[in-house]
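# Coordinate analysis (summary)
Next come the chains, spelled out residue by residue.
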Amino acid sequence: MALDQSFVGRTYPPTPPYEVGREKIREFAEAVGDTNPVYVDPEAAKAFGHSDVIAPPTFVFSITFKAAGQVVRDPQLGLDYSRVVHGDQKFAYARPVRAGDRLTVTSTIEAIKSLAGNDIVDVRGEVHDESGEHVVTAWTKLVARAAEEA
Amino acid sequence: MTAKVAYESVEVGTELPAQSFPVTRATLVQYAGASGDFNPIHWNEKFAREVGLPDVIAHGMFTMAEAIRVVTDWLGDPGAVVEYGVRFTKPVIVPNDDDGALIEVSAKVAALLDDKQVRVDLTAMSEGKKVLGMSRAVVRLG
């Protein structure tokens, strides 16, 4: 069933702040096997001009995807979450995410398409810090596969 | 935010040092915990097959995280990444054995941009298949 086009442009309320912790960044860097010292050593991060350890580029997805859950699980939109796969992902950074950040995400539905029975939803997540400064924008393409292929 | 690579030192076609990243079931369990993505297709073979997959597959975001390491290791400072995007074209299939799968990543400078920025195009392969498409990063050089 095609999704309701009137949801295009809909913006959801900002999420409660997510506080980025040094140890969470370390855990993520270890999980992807990345030994770059800027993720774990504040002095190494400072040598590159960062005020604290920074997070790997894709770290912020955990936060934006959780926020996109508002869209995915919106009963009025009616996306079948059990059939959703990740199509595309893009980030544009104003600055890297760093330890101590308190980040909020505002999700907007940018586009809804139907292609060969698949429902395709593009969600943009704008990530801001505590002072309201823009940190990163994440674009996530979600594809709900056609029921007969599931 | 200063990359250790000078803008003047690169040209279109400059290749970044390629790298291969191994991924086993244990890697996926660790990534699930760190990322909070506990979708069973990434650790439960029975579930993966029930939804039509050939076996357990890696998180797309894990592959995306590995691929950019070729760029961030080259830059030194990951904070010099301005944009990064990928398309998830094929899954990385991770068998239940000691070796798991291998993600092979290569990258080259594709365009010189303003403000000391360059576009880097990445190629990520596993089992001879392209697992990421349209994989591009814009980075600011020193």
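All of these numbers come straight from a predicted model, not from anything done at the bench.

All names here are of chain A. Taken as a whole and judged by the stated rule, the model has 27 salt bridges over all chains. The closest approach of N and O atoms between Arg 10 and Asp 74, which form a salt bridge, is 4.0 Å. With Arg 10 in the segment before strand 1 (18-19) and Asp 74 in the loop between helix 3 (61-72) and strand 2 (84-93), the pair connects residues that are 64 residues apart, well separated along the chain. On the basis of relative accessibility, which here comes to 32%, the residue Arg 10 falls in the partly exposed class. Taken together, the shared-partner salt bridges connect Arg 95, Asp 101, Asp 129 and Glu 133 into one network.

All right, on to unusual backbone geometry then. Residue and element names in this part refer to chain B. Although it is not a glycine, Glu 127 adopts a positive phi angle of roughly 55°. On the secondary structure map, Glu 127 appears in the loop between strand 4 (117-126) and strand 5 (129-130). Positive phi, normally seen in glycine, also occurs at Met 134, with a value near 50°. Turning to its location among the elements, Met 134 is positioned in strand 6 (residues 132-140). On the basis of relative accessibility, which here comes to 53%, the residue Met 134 falls in the exposed class.

Turning our eyes to something else, we now look at the layout of surface pockets. Empty space left among the atoms is revealed by rolling a probe the size of a water molecule over them. Counted as a void, the second largest pocket has a volume near 330 Å³. If you trace the second largest pocket, you find 16 residues lining it, with Gln 89 and Lys 90 of chain A together with Gly 85, Val 86 and Met 134 of chain B closest to the centre. Of all the secondary-structure elements, those providing two or more residues to the lining of the second largest pocket are strand 2 and strand 5 (134-144) of chain A together with strand 2 (81-88) and strand 6 of chain B. A per-element tally of the lining of the second largest pocket places strand 2 of chain B first, with five residues. Of the residues that constitute the lining of the second largest pocket, the class distribution is six nonpolar, three polar and seven charged.

In this structure, Phe 91 and Val 97 of chain A together with Trp 74, Leu 75, Tyr 84, Val 139 and Leu 141 of chain B are the most contacted members of the largest nonpolar core, which totals 69 residues. Ranked by size, the runner-up nonpolar core spans 15 residues in total, among them Phe 7, Ala 68, Val 84 and Leu 142 of chain A.

The interface of chain B with chain A comprises 30 residues on the first partner and 30 residues on the second. A combined buried area of about 2,500 Å² lies between chain B and chain A, and 56% of that area is made up of carbon and sulfur atoms. Where chain B meets chain A, there are three salt bridges. Here Asp 88 of chain A ties to Arg 87 of chain B by a salt bridge, and the two come within 3.0 Å at their closest N and O atoms. Residue assignment for the side of chain B that touches chain A shows that the elements contributing at least two residues are helix 1 (25-35), helix 3 (60-67), helix 4 (69-75) and strand 2 of chain B. It is strand 2 of chain B that contributes the most residues to the side of chain B that touches chain A, eight residues altogether. Looking at the side of chain B that touches chain A, its residues break down into 15 nonpolar, nine polar and six charged. One ladder, built from five bridges, connects strand 2 of chain A with strand 2 of chain B; its direction is antiparallel. From the neighbouring strand, Lys 90 of chain A faces strand 2 of chain B, where its bridge partner is Gly 85 of chain B.

Attention shifts here to the UniProt feature "domain: FAS1-like dehydratase" (unreviewed entry) in chain A. UniProt marks residues 6-137 of chain A with the feature "domain: FAS1-like dehydratase" (unreviewed entry), using the numbering shown here. Each end of residues 6-137 of chain A is marked by a C-alpha atom, and these two atoms are 23 Å apart; helix forms 21% of the span and strand 31%.

Criteria and thresholds
Residues numbered from 1 in each chain as written. Chains lettered and ligands numbered in written order. Predicted model: local features only at pLDDT ≥ 70, side-chain atom pairs only at ≥ 80, totals over all residues. Heavy atoms only, no water. Salt bridge = Lys/Arg side-chain N within 4 Å of Asp/Glu carboxyl O. Helix = DSSP H or I, 4+ residues; strand = E, 2+ residues; numbered from the N terminus. Buried < 20%, exposed > 50% of the residue type's maximum accessible area, 1.4 Å probe, protein only. 1 Å grid on protein atoms, 1.4 Å probe; cavity = no way out; pocket = protein on both sides within 12 Å on 5 of 7 lines; lining within 4 Å. Points joined across faces, edges and corners; volume = space filled by probe spheres on them. Nonpolar A, V, L, I, M, F, W, Y, C, P; charged D, E, K, R; others polar. Core = buried A, V, L, I, M, F, W, Y, C linked by side-chain atoms within 4.5 Å. Contact = heavy atoms within 4.5 Å. Buried area = accessible area lost by both parts, 1.4 Å probe. Pairing = 2+ DSSP bridges. UniProt positions renumbered as here; feature names shortened; annotations may be inferred.

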